[in-house]
Amino acid sequence: MKKRRLGNSDLFVTELGLGCMSIGAEEKAARKIIEAALEEGINYFDTADLYDFGENEKIVGKALKDVREQVIIATKVGNRWTNDQASWRWDPSKVYIKEEVKTTLKRLGTDYIDLYQLHGGTLEDPIEETIEAFEELKAEGLIRYYGISSIRPNVIREYVKKSSIVSVMMQYNILDRRPEEEVLPQLREHGISVVTRGPLAKGLLSDKLLEKVSEKGYLDYTYEELSEILPLLKKRVAASRSFTEVALQYNLANPTVASVVVGASSPAQIRSNAKAVNSNPLTDAEVTMIKEITKASMYKEHR
C-alpha cells in the first residue's frame, strides 16, 4: 500500500489507516481485525484514551507489540473520564496531558507514541500551555510528533500559528466539503497534513447508499436532496467502480490528505477498504464532476 509523508515529519503513513474505535472490546475479534490490517499493508493505527475507558489502547498495543517498529501508533488526549465513568470533561491542561501520557504509554505497552493528538480544542483553552506540554513530551522522547483532532477552523488556525503540529484530523467527505474552503489550503501552505475521518459519511457514501439515509438527512442535506444526489453520483462517477472506492479516492485526490482513517468491525471490511484505496485514483474530470454535483445541490454558505 502506498505511503504519504505526514506533514514535515519523518513519518510515512499508509493511505489507509485503521480507526480503532470500531474494533470493539472483545480482544480476540479485535486482534483479527488488526491482523487483517497488517496483512493488507496498513501501518497507521489511530486510537484514543477515551475509547472503551482505555481498553482500546490496551488491545491495540498488545496486537502491535511484535511489529512496533514497523507501525505508526496515533492516539489522543484531552477528554477526561469522571471517577464513576458516567461522563467525561474536557481538560487540555499541561498537568493533565503530561500525566495522562504515562497512563497511555503503559496501556499501549510502548515507551513512545508516534503521533499524540489533542482530542478537540476550543479558543477558550490555555493553548500556549497545551502546546508547551506537547513540546516538552517531544523533548523528553515520549512522543515523536503531535497534532490535533478538530473541525474548528479558528482553533486550527491558532495551532498553525503557534505550534509545530504535523497533522490535523478532521471529518472530510464528498458530502462534507467544508475543509476545502476553510482549512485545507492553509494547512498545505504550512506543510501540515490532514488525516481524514468519516470519509463514508456514516455509510451514505458506501455501496448501500440510500439504505443508510435517515429522514433527518445529513448535515445540510435533506432526505430529498440526498435521494437525488447519491444516485446521480453513482451514475456519473461510480458506474464502473464501487462507491466506497469513489469516496476514499476523493479524499486521497486532495494533496493535503496523508491518510484516510476508516473504521472496521470485521476483517472483511478491512480488505474491502484496502481494495478501494489500492484502486485507480480519480481522474481530474471525475473530481470536477463530484464537486459540480454536490455544489449544485445546496452546498450552503456556511459549509
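Each value, and the rule that gives it
- Residues numbered from 1 in each chain as written.
- Predicted model: local features only at pLDDT ≥ 70, side-chain atom pairs only at ≥ 80, totals over all residues.
- Heavy atoms only, no water.
- Buried < 20%, exposed > 50% of the residue type's maximum accessible area, 1.4 Å probe, protein only.
- Helix = DSSP H or I, 4+ residues; strand = E, 2+ residues; numbered from the N terminus.
- Pairing = 2+ DSSP bridges.
- Axes fitted to C-alpha atoms, helices over the stretch in contact; angles between N-to-C directions.
- Contact = heavy atoms within 4.5 Å.
- Expected span 1.5 Å × (residues − 1).
- 1 Å grid on protein atoms, 1.4 Å probe; cavity = no way out; pocket = protein on both sides within 12 Å on 5 of 7 lines; lining within 4 Å.
- Points joined across faces, edges and corners; volume = space filled by probe spheres on them.
- Salt bridge = Lys/Arg side-chain N within 4 Å of Asp/Glu carboxyl O.
- Phe/Tyr/Trp six-rings, centres within 6.5 Å; stacked < 30°, edge-to-face > 60°.

A.B. asks: Now, about unusual backbone geometry: what can you tell me, with residues and values included?
C.D. replies: At Ala201, a residue that is not glycine, the phi angle is positive and equals roughly 50 degrees. With relative accessibility at 1%, the residue Ala201 sits in the buried group. Non-glycine residue Leu219 carries a positive phi angle of around 50 degrees. Structurally, Leu219 can be placed in the loop between β11 (193–197) and α8 (223–236).

A.B. asks: Outline the sheet that holds β11, listing residues and values.
C.D. replies: Spatial ordering of the closed barrel is given by β3-β4-β5-β8-β9-β10-β11-β12, a layout of eight strands whose pairing is parallel. Recorded for the sheet is a direction-independent mean angle of 30 degrees between the axes of neighbouring strands. Where β11 lies against strand β12 (residues 257–263), three bridges are found, and the strand directions are parallel. Paired with Val195 across the strands is Ser259, a residue of β12. Where helix α3 (residues 94–108) meets the sheet, it contacts β5 (72–77), β8 (113–118) and β9 (143–149), and its direction lies at approximately 135 degrees from that of β8. Along the sheet face, helix α4 (residues 127–139) touches β5, β8 and β9 and points at about 155 degrees away from the line of β9.

A.B. asks: An account of α4 is needed here, citing residue identities and associated values.
C.D. replies: Taking 1.5 Å as the rise per residue, α4 with 13 residues should run 18 Å; its terminal C-alpha atoms sit 18 Å apart, in good agreement. Buried residues along α4 sit against β5, α3, β8, β9 and α5 (153–162). A positive backbone phi angle near 80 degrees is found at Gly141, which sits one or two residues after α4.

A.B. asks: Got a sec to walk through the layout of surface pockets? Specific residues and values, please.
C.D. replies: Counted as a void, the largest pocket has a volume near 1,000 Å³. Around the largest pocket sit 37 residues that line it, and Gly198, Pro199, Lys202, Val262 and Gly263 are the ones nearest its centre. Listed by contribution, the elements that provide at least two residues to the lining of the largest pocket are β10 (167–171), β12 and α10 (267–277). Per-element tally for the lining of the largest pocket: the top contributor is α10, with four residues.

A.B. asks: I'd like a description of the pattern of salt bridges, backed by residues and values.
C.D. replies: Taken as a whole and judged by the stated rule, the model has 24 salt bridges. A salt bridge links Lys58 to Glu55; its shortest N-O distance comes to 3.2 Å. Separated by three residues within a single helix, Lys58 and Glu55 lie in helix α2 (residues 55–64), roughly one turn from each other. Lys58 gets classed as partly exposed once you look at its relative accessible area, which sits at 35%. Accessibility expressed as a relative area gives 36% for Glu55, which makes it partly exposed. One salt bridge in this structure joins Arg107 and Glu57, with 2.8 Å as the shortest N-O distance.

A.B. asks: Can you break down the packing of aromatic side chains residue by residue, with the values?
C.D. replies: Per the stated rule, a full pass over the model turns up three aromatic pairs. Between Phe134 and Tyr146, the aromatic rings sit 5.0 Å apart at their centres with planes inclined by 10 degrees, giving stacked as the arrangement. You can see Phe134 sitting in helix α4 and its partner Tyr146 sitting in strand β9, a full twelve residues away along the chain. What makes Phe134 buried here is its relative accessible area of 1%. Ring geometry for Tyr172 and Tyr250: centres 6.0 Å apart, planes at 45 degrees, overall tilted. Here Tyr172, found in the loop between β10 and α6 (178–182), pairs with Tyr250, found in helix α9 (residues 243–252); they are 78 residues apart in sequence, far enough to count as distant. Side by side, Tyr172 and Tyr250 carry an identical accessibility label, which is buried. Aromatic ring contacts, followed pair by pair, group Tyr116, Phe134 and Tyr146 into a single cluster.

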